[in-house]
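# Examination of the molecular architecture
Given next are the chains, with one letter for each unit.
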Amino acid sequence: MKRLFTGIGIVAVAGILLTACSGTGQATNSANPNGAKYTYAVITHSGPGDAFWDRVKSGAEAAGSRN
């Protein structure tokens, strides 16, 4: 009985690994017309007027505007 469960476990793990590797390797991003591959979001815990997070926000916006 132990050998049966071991065999089933091995087959299940092999199936999961093969499923995880079945991608095409090609990124599809039709939502971004300018060809950018990623969209980033910066979430902070402070409101406008905080000197530290205002600098973080301006840095993130500057990095996002670069091509």
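Above this note sits the structure.
Let me sum up the structure you'll find in this document. Fair warning: this is a prediction, and the values are worked out from it, not measured in the lab.

### Re the overall build of the protein chain
Counting its regular elements, the protein chain contains 2 helices and 0 strands. The proportion of buried residues among the 67 residues of the protein chain is 0%. Here the protein chain has roughly 6,500 Å² of accessible surface; of this, 62% comes from carbon and sulfur atoms.

### Quick notes on the environment of aspartate 50
Take aspartate 50: it is sitting in the loop between helix H1 (2-20) and helix H2 (51-65). At 3.2 Å, the side chain of aspartate 50 forms a polar contact with the backbone nitrogen of phenylalanine 52.

### What about H2?
Its 15 residues place the ends of H2 21 Å apart at the C-alpha level, agreeing with the 21 Å of an ideal helix rising 1.5 Å per residue. Measuring from the backbone nitrogen of phenylalanine 52 back to the side-chain oxygen at the start of H2 gives 3.2 Å, which picks out aspartate 50 as the cap.

### What about the packing of aromatic side chains?
This structure, assessed with the given rule, holds 1 aromatic pair. Pairing phenylalanine 52 with tryptophan 53 gives two aromatic rings, centres 4.9 Å apart and planes at 80 degrees, and the pair type is edge-to-face. By relative accessible area, which is 52% here, phenylalanine 52 ends up exposed.

### Here's the deal with H1
Over its 19 residues, H1 extends 27 Å from the first C-alpha to the last, a length consistent with the 27 Å expected when each residue adds 1.5 Å. Counted residue by residue, H1 has 0 buried out of 19 residues, so it is predominantly exposed.

### Digging into the environment of valine 42
Structurally, valine 42 is set in the loop between H1 and H2. Taking the C-alpha atoms as reference, valine 42 lies 7.5 Å from alanine 60; in sequence the two are 18 residues apart. What valine 42 contacts, discounting residues up to four positions off in sequence, is Val56 and Ala60.

Analysis parameters
- Residues numbered from 1 in each chain as written.
- Predicted model: local features only at pLDDT ≥ 70, side-chain atom pairs only at ≥ 80, totals over all residues.
- Heavy atoms only, no water.
- Helix = DSSP H or I, 4+ residues; strand = E, 2+ residues; numbered from the N terminus.
- Buried < 20%, exposed > 50% of the residue type's maximum accessible area, 1.4 Å probe, protein only.
- Areas by Shrake-Rupley, 256 points an atom, 1.4 Å probe, with all protein chains shown as cover.
- Polar contact = N/O pair within 3.5 Å; in protein donor to acceptor, adjacent residues only side chain to side chain.
- Expected span 1.5 Å × (residues − 1).
- Phe/Tyr/Trp six-rings, centres within 6.5 Å; stacked < 30°, edge-to-face > 60°.
- Contact = heavy atoms within 4.5 Å.

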